[in-house]
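The lines below spell out each chain.
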Amino acid sequence: MATLLLLLLLLLLPLLLHLWPQWRWLAADLAFTVRALRCKRALRARALAAATADPQGPEGGCSLAWRLAQLARQRPAHTFLIHGAQCFSYAEAERQSNRAARAFLRARGWEGVSGYASRGAREGQGAAGSGEGQAARDGNGAAPLAPGATVALLLPASPEFLWLWFGLAKAGLRTAFVPTALRRGPLLHCLRSCGASALVLAPEFLESLEPDLPALRAMGLHLWAAGPETHSAGISDLLAEVSAELDGPVPGYLSAPQSIMDTCLYIFTSGTTGLPKAARISHLKVLQCQGFYQLCGAHQEDVIYLALPLYHMSGSLLGIVGCLGIGATVVLKSKFSAGQFWEDCQKHRVTVFQYIGELCRYLVNQPPSQAERGHKVRLAVGSGLRLDTWERFVRRFGPLQVLETYGLTEGNVATFNYTGQRGAVGRASWLYKRVFPFSLIRFDVTTGEPLRDTRGHCVATSPGEPGLLVTPVSQQSPFLGYAGDPELAKGKLLKDVFRPGDVFFNTGDLLVCDDQGFLRFHDRTGDTFRWKGENVATTEVAEALEALDFLQEVNVYGVTVPGHEGRAGMAALVLRPPHSLDLVQLYAHVSENLPPYAWPRFLRLQESLATTETFKQQKVRMAKEGFDPSTLSDPLYILDQAGGAYLPLTPARYGALLAGDLRI
């Protein structure tokens, strides 16, 4: 009977494939769904083990501390981290983070920091080490860190970043990852918004931070440098304090959350409100990110190449925490070098590469080298890879698998292109949506709101139609919002989407689902665009430019540049009479007040700005008009990063840009 059914299925298979194109991908959908369910089960087991461990012992605590301790026991000699000539095993990572935890606990005034070393030592001490002491104020005049206080890290990608982050988690303190390019107002805003009590900064940043130090001290921050520095009073060497501590474990109860939904981390993300917002990252999200590389098909013997900033979710939560999830090795680079990439891959026998689309474009634009042949890279995982770069990348460096993903720092959904379909970010199969539910709804780009039917409910899109990606908010997939003003989350939650009372998270992104169930990124809603892998808020850039006394009006928008991922910033300017355009002052002001990725790449000088009938700036039309000097009569200027200036955009420079000879 079974043989007859199998023969019947084989006979009907061509017809079924013709009637429903998605069926041909059913095997891949089933395989990924099984992998996802196994991953969820494993993560639940880890959460349970961490929650039920002895709270007085080192085995308990938050899932991040528990997982690192578990790996140090199970794979003590296996290499966790490679950074330059340095190599650290999982056991060494555990010891380094224990030292950091003790240094932070000492700053908290925890009485047991000197005595607690192990279970045996604790039993010999009795109850010593279970309370909080009253530490004296430090040299900054800052009070001891309170339990659950937030410590901001302003550091480049380095082993020290990881030890301090892990140590803060073990000490029961929250961490805030501050983007390293921020200075002045944006930096102070970030520290205030997350309620930071302390700041750890890299010594190499001190010179550029000198004008900010009075304001930082006035905030009452405990200031540390991650290394020796002698230029500024009141800033102590945290690494010296860490190295003086014991490397034994600390009790798990110090880091154990009351709820898995508690905030343990802040990651800053730009939005339409302008300045960066501190997205709340819960213990649940950190736990879920441990499953990232398992979902991608990586395993514990893989060597992962990571050259992304650790202050981004992609670098820290997906790259580092994802590596911890499978117990693999990570090669961490402080800065990406396209010329050195393949040599590094050969040297360290890299098998997995985590990218953003811009990195892949840098690689395919490099001249051919001997090192790019015979590499061991089998999997490239990331987001933002354009179709043209994707095809060139695989053609030149293959055979390898590209696994494009989609997700947001503050979001509650992720998609995985596990079939390898080029240009897609994931699948919308009914199986996948049973595990990771989401919907695409019709969106009015004019009003910036979802379209609703006569009953007030949103309308699902048809295949091939761009739609707003929304995901249901639940206990299993919550939206925690941002630190600070509740208004920051305005518009992120949609109610009564498909039925009265339901709540969905608004990703702010438009995607398209084709007739075979493949998802493709279409565009971002609102005024935010991406450049160099970063979100750029037009309001923040415009506000910075409007501070110049010779500018009366500013309209900032993103323009597409051939051969580049994302959109480059362009600013239309109207002069304030009787002033003239001062390009030298404009460049100095921009470089002083904005991170490099937010600097406008193009300027357009106009008599007046185009507005809608409701007096809103015309961003879409301006973006479509672009920056071609042969079609625009307005004076145009282009950023010369190498020369540190804005120069007239002549036809010759325009041609050099299109040819790839002019870097922006």
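Our structure is the block above this text.
Structural notes, computed from the coordinates. The shown structure was predicted, so the numbers you read here are calculated from the model rather than taken from an experiment.

**Digging into the overall build of the protein chain**
Alright, step 1. Within the protein chain, the regular secondary structure consists of 21 helices and 30 strands.
Alright, step 2. By the burial criterion, 54% of the 664 residues in the protein chain qualify as buried.
Alright, step 3. Long-range contacts, defined here as pairs at least 24 residues apart, represent 69% of the contacts in the protein chain between residues at least 6 apart.
Alright, step 4. Of the roughly 28,300 Å² of accessible surface on the protein chain, a fraction of 55% belongs to carbon and sulfur atoms.

**Describing the environment of Val-350**
Alright, step 1. If you trace the backbone, Val-350 turns up in the loop between helix 14 (341-348) and strand 12 (352-356).
Alright, step 2. Overall, Val-350 belongs to the buried group, its relative accessible area being 0%.
Alright, step 3. On a C-alpha basis, the gap between Val-350 and Lys-376 in space is 6.0 Å, while along the polypeptide they are 26 residues apart.

**Some remarks on helix 2 (residues 26-52)**
Alright, step 1. When the terminal C-alpha atoms of helix 2 are compared, their 39 Å separation across 27 residues agrees well with the 39 Å that a helix rising 1.5 Å per residue should span.
Alright, step 2. When helix 2 is considered as a whole, its buried residues turn out to be Asp-29, Phe-32, Thr-33, Ala-36, Cys-39, Leu-43, Arg-46 and Ala-50.

**Re the sheet that holds strand 13 (residues 379-383)**
Alright, step 1. Reading across from one edge, 2-1-11-10-12-13-14-15 is the order of the eight strands in this open sheet, with mixed pairing throughout. Each having just a single partner strand, strand 2 (86-89) and strand 15 (414-416) make up the two edges of the open sheet. Recorded for the sheet is a direction-independent mean angle of 20 degrees between the axes of neighbouring strands.
Alright, step 2. Where helix 4 (residues 90-108) meets the sheet, it contacts strand 1 (79-83) and strand 2, and its direction lies at approximately 90 degrees from that of strand 2.

**Overview of the sheet that holds strand 26 (residues 551-559)**
Alright, step 1. Ordered by their spatial adjacency, five strands build an open sheet running 26-27-28-29-30, and the pairing between neighbours is mixed. The two strands at the open ends of the sheet, each matched to only one other strand, are strand 26 and strand 30 (645-648). Looking at each pair of strands side by side, their axes are set apart by 25 degrees on average, direction ignored.
Alright, step 2. One ladder, built from eight bridges, connects strand 26 with strand 27 (residues 568-575); its direction is antiparallel.

**Some details on the nonpolar core**
Alright, step 1. Ranked by size, the top nonpolar core spans 153 residues in total, and within it Phe-80, Leu-162, Trp-165 and Phe-353 carry the most contacts.
Alright, step 2. Apart from the residues lying within four places of it in its own chain, the contact partners of Phe-353 are Tyr-305, Phe-341, Leu-359, Cys-360, Leu-363, Val-377, Leu-379, Ala-380, Val-381 and Phe-393.
Alright, step 3. The next biggest cluster of nonpolar side chains, apart from the first, holds 46 residues, and it includes Val-536, Leu-551, Val-554 and Leu-605.

**Overview of unusual backbone geometry**
Alright, step 1. Residue Pro-399 is reached from Gly-398 by a cis peptide bond, and omega for that bond is 5 degrees.
Alright, step 2. Tracing the chain through its elements places Pro-399 in the loop between helix 16 (387-397) and strand 14 (401-407).
Alright, step 3. A cis amide bond links Pro-577 to the next residue, Pro-578, at an omega of 0 degrees.
Alright, step 4. With respect to the helices, strands and loops of the structure, Pro-578 is situated in the loop between strand 27 and helix 19 (583-593).
Alright, step 5. Backbone geometry at Arg-349 places phi at a positive 55 degrees, although glycine is not the residue there.
Alright, step 6. By the secondary structure assignment, Arg-349 is in the loop between helix 14 and strand 12.

**Comments concerning the packing of helix 4 against helix 6 (residues 159-170)**
Alright, step 1. Remark: helix 4 packs on helix 6, axes separated minimally by 7 Å, with the N-to-C direction vectors making an angle of 60 degrees. By the angle between their axes, helix 4 is oblique relative to helix 6. The interaxial crossing formed by helix 4 with helix 6 has right-handed handedness. Residues Ala-93, Glu-94, Gln-96, Ser-97, Asn-98, Ala-100, Ala-101 and Phe-104 of helix 4 form the contact with helix 6, whose participating residues are Trp-163, Leu-164, Phe-166, Gly-167, Leu-168 and Lys-170.

Cut-off values and rules
Residues numbered from 1 in each chain as written. Predicted model: local features only at pLDDT ≥ 70, side-chain atom pairs only at ≥ 80, totals over all residues. Heavy atoms only, no water. Helix = DSSP H or I, 4+ residues; strand = E, 2+ residues; numbered from the N terminus. Buried < 20%, exposed > 50% of the residue type's maximum accessible area, 1.4 Å probe, protein only. Contact = heavy atoms within 4.5 Å. Areas by Shrake-Rupley, 256 points an atom, 1.4 Å probe, with all protein chains shown as cover. Expected span 1.5 Å × (residues − 1). Pairing = 2+ DSSP bridges. Axes fitted to C-alpha atoms, helices over the stretch in contact; angles between N-to-C directions. Core = buried A, V, L, I, M, F, W, Y, C linked by side-chain atoms within 4.5 Å. Parallel < 35°, antiparallel > 145°, perpendicular 65-115°, else oblique. Left-handed = near helix turned anticlockwise from the far one by under 90°.

These figures come from the coordinates and say nothing about function on their own.
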